[in-house]
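Observations on the three-dimensional arrangement
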Amino acid sequence: MSARITTLGNGLRIVTEAMPGLKSASIGVWVNAGGRHERAEQNGIAHFLEHMAFKGTEKRTALQIAEAIEDVGGYINAYTSRETTAYYARVLEEDVPLAVDVIGDIVLKPIFDPKEIEVERHVILQEIGQALDTPDDVIFDWLQEAAYPDQPFGRSILGPAERVESFRRDDLSNFVGEHYGPNEMILAAAGSVDHDQIVQLAGEAFGDLRPVGARHVQPAAFNGGERREIKDLEQAHFALAFEAPGYRDERMYVSQVLSTALGGGMSSRLFQKIREERGLCYSIFSQSGSYEDTGMFTIYAGTSDEEIGELAGLTMDELKRSAEDMTEAEVARARAQMKAGMLMGLESPSSRAERLARLLAIWGRVPDVEEAVAKIDAVTTEAVRAHAAEMMGAGAALALYGPVGRAPGLEELRRRLAA
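Let us look at the structure shown here. Along every chain, residues carry numbers that run from 1 in the direction the sequence is written. Confidence filtering applies because this is a predicted model: local features only for residues at pLDDT of at least 70, side-chain atom pairs given and counted only at 80 or more, and all residues used for totals across whole chains, interfaces and linings. Working from all heavy atoms in the structure, the side-chain values ignore hydrogens and water.

To continue, consider the pairing of strand β4 (residues 75-80). Three labels apply to residues, based on accessible area from a 1.4 Å probe with only protein chains included: buried if under 20% of the type maximum, exposed if over 50%, partly exposed otherwise in between. The helix count covers DSSP runs of H or I at least four residues long, the strand count covers runs of E at least two residues long, and both are numbered beginning at the N terminus. By the alternation rule, side chains of β4 split into Ile76, Ala78 and Thr80, which are all buried, and Tyr75, Asn77 and Tyr79, of which none is buried. Inspection of the sheet shows β4 paired to strand β5 (residues 85-92) by six bridges, in the antiparallel sense. Looking across to β5, one finds that isoleucine 76 is bridged to alanine 89. In short, DSSP must find at least two bridges between two strands for them to pair. Counting the residues that bridge the hairpin from β4 to β5 gives four residues.

It is worth spelling out empty space enclosed by the protein at this point. Detection works on a 1 Å grid of protein atoms alone, calling trapped sets that fit a 1.4 Å probe cavities and calling open sets with protein on both sides within 12 Å along at least five of seven lines pockets, with lining residues defined by an atom within 4 Å of a point. Grid points are joined across faces, edges and corners, and a volume is the space filled by probe spheres set on the points. With the rule as written, the count across this model stands at one cavity of 30 Å³ or more. Here the largest cavity defines a volume of roughly 40 Å³. Thr260, Ala261, Ser267, Ser268, Glu330, Arg333, Ala334 and Gln337 are the residues that line the largest cavity. Listing elements by their share of the lining of the largest cavity, those giving two or more residues are α9 (252-263) and α12 (328-345). If you tally residues by element for the lining of the largest cavity, the top one is α12, at four residues.

This part is about the pairing of strand β10 (residues 295-303). Burial analysis of β10 places nine of its nine residues in the buried class, which makes it a mostly covered element. Burial along β10 is two-sided: the face carrying Gly295, Phe297, Ile299, Ala301 and Thr303 and the face carrying Met296, Thr298, Tyr300 and Gly302 are both buried. Here eight bridges tie strand β8 (residues 236-243) to β10, and the two strands are oriented antiparallel to one another. Bridging from a neighbouring strand, alanine 241 pairs with threonine 298 of β10.

Within 6.5 Å between ring centres, the rings of Phe, Tyr and Trp (the latter by its six-membered ring) count as paired, and their orientation is classed by plane angle as stacked under 30 degrees, edge-to-face over 60, tilted in between. As enumerated under the stated definition, the model contains 10 aromatic pairs in all. Their ring planes at 85° and their centres at 5.3 Å tell us that tyrosine 148 and phenylalanine 222 sit as a pair that is edge-to-face. With a gap of 74 residues between them, tyrosine 148 in the loop between α5 (135-147) and α6 (161-164) and phenylalanine 222 in the loop between α8 (195-206) and β7 (225-230) connect regions that are remote in the sequence. On the basis of relative accessible area, phenylalanine 222 is assigned to the buried category, the value being 13%. Here phenylalanine 285 and tyrosine 300 contribute two aromatic rings whose centre-to-centre distance is 5.5 Å and whose plane-to-plane angle is 40°, an arrangement assigned as tilted. With a gap of 15 residues between them, phenylalanine 285 in strand β9 (residues 284-290) and tyrosine 300 in strand β10 connect regions that are remote in the sequence. On the accessibility criterion, tyrosine 300 (4% relative accessible area) is buried. Each residue in the set Tyr148, Phe153, Phe222 and Tyr291 is aromatic and connected to the rest through ring pairs, giving one cluster.

As structure tokens, this is what we get:
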């Protein structure tokens with residue numbers, strides 16, 4: 001299987017990958033317009049716009065949008081991230097033309113009915129309230145803000161309630177006009193798809209769209225810091241971050257191997273030491289995420305107020321040890337976990353379509369899976385240890401939420417790493 005790529009005259013890129021034996025397909029449009037593309041007064045509007053795409057177009061009501069896909073047994077959804085807004089559907093092979101038409105309709109022709117804006121505003125405010133009531137969700141927003149203060153990359157994707165309450169129809173239309181050009185979009189499809197048919201359908205749906213001008217995106221600067229929110233909760237929530245490589249940095253794979261070995265599964269160091277041996281928590285993990293010009297290596301755990309100090313200290317000890325005695329066996333296991341997770345995920349047409357769009361946006365091409373496997377296999381134990389040491393020697397960010405009045409602060413944790 002290999003990807004095929006076509007660029008329309010207006011700049012829209014189309015990438016497909018046929019998966020023999022499947023009877024379904026996943027189709028989506030990925031727009032280079034996420035949270036980091038918002039100005040301060042726009043914070044939350046990319047996500048608001050994602051919601052409004054499903055609230056009616058020039059030819060379909062909100063109900064008709066849902067019925068068009070669900071009447072044929074498919075599903076349609078969307079999401080907003082810090083760098084992208086995506087609209088996607090999965091349908092049976094004979095319904096691919098319908099899916100492209102519906103996605104083109106909701107992306108290009110939303111009517112932004114003022115009544116529906118008010119309804120969806122209330123829905124989003126409820127979503128914000130729910131996030132604030134979910135400590136192991138909101139703590140990651142606070143960690144992001146602590147790591148990247150006073151810049152677009154550090155702001156919440158949902159936006160603050162006061163911003164959401166202020167958005168009007170013109171705000172939504174203006175954001176579309178600024179960002180939703182064909183030169184900022186990728187249409188990706190995987191599964192039972194025919195590339196030439198997808199190109200024709202995309203041309204019919206998007207061919208008349210005009211490009212948008214070049215936009216300045218503020219570079220991300222990991223500054224680090226601490227945010228502590230004391231609240232009467234059952235658990236104390238702990239989240240620690242270091243800067244990680246961006247996705248064009250070859251060290252991205254090293255960082256991911258380190259995060260997998262340190263806290264990526266039941267056999268990882270953090271899970272074994274802190275949960276299995278000490279019983280200090282139910283959930284603990286680490287992960288490494290990459291973006292265009294930065295990344296975040298994150299460790300999260302939830303525990304009791306009496307044990308937050310011990311948990312935090314042991315976490316620092318295990319992180320420090322990873323730079324000193326990470327073993328060949330641990331690195332080999334982490335590499336195997338990463339490869340298996342990637343390859344298993346690509347058995348899904350939805351995951352494969354998302355991979356096509358992401359890699360095309362990053363590299364302007366779609367590297368073969370074997371290329372990624374080779375880069376994972378090339379990660380050495382020495383590189384993992386060196387990366388851990390380098391990461392710990394740089395800045396860090398800490399977020400604490402719940403009964404955390406007695407929890408150690410960022411400077412105390414850094415001193416433990418340096419000891």
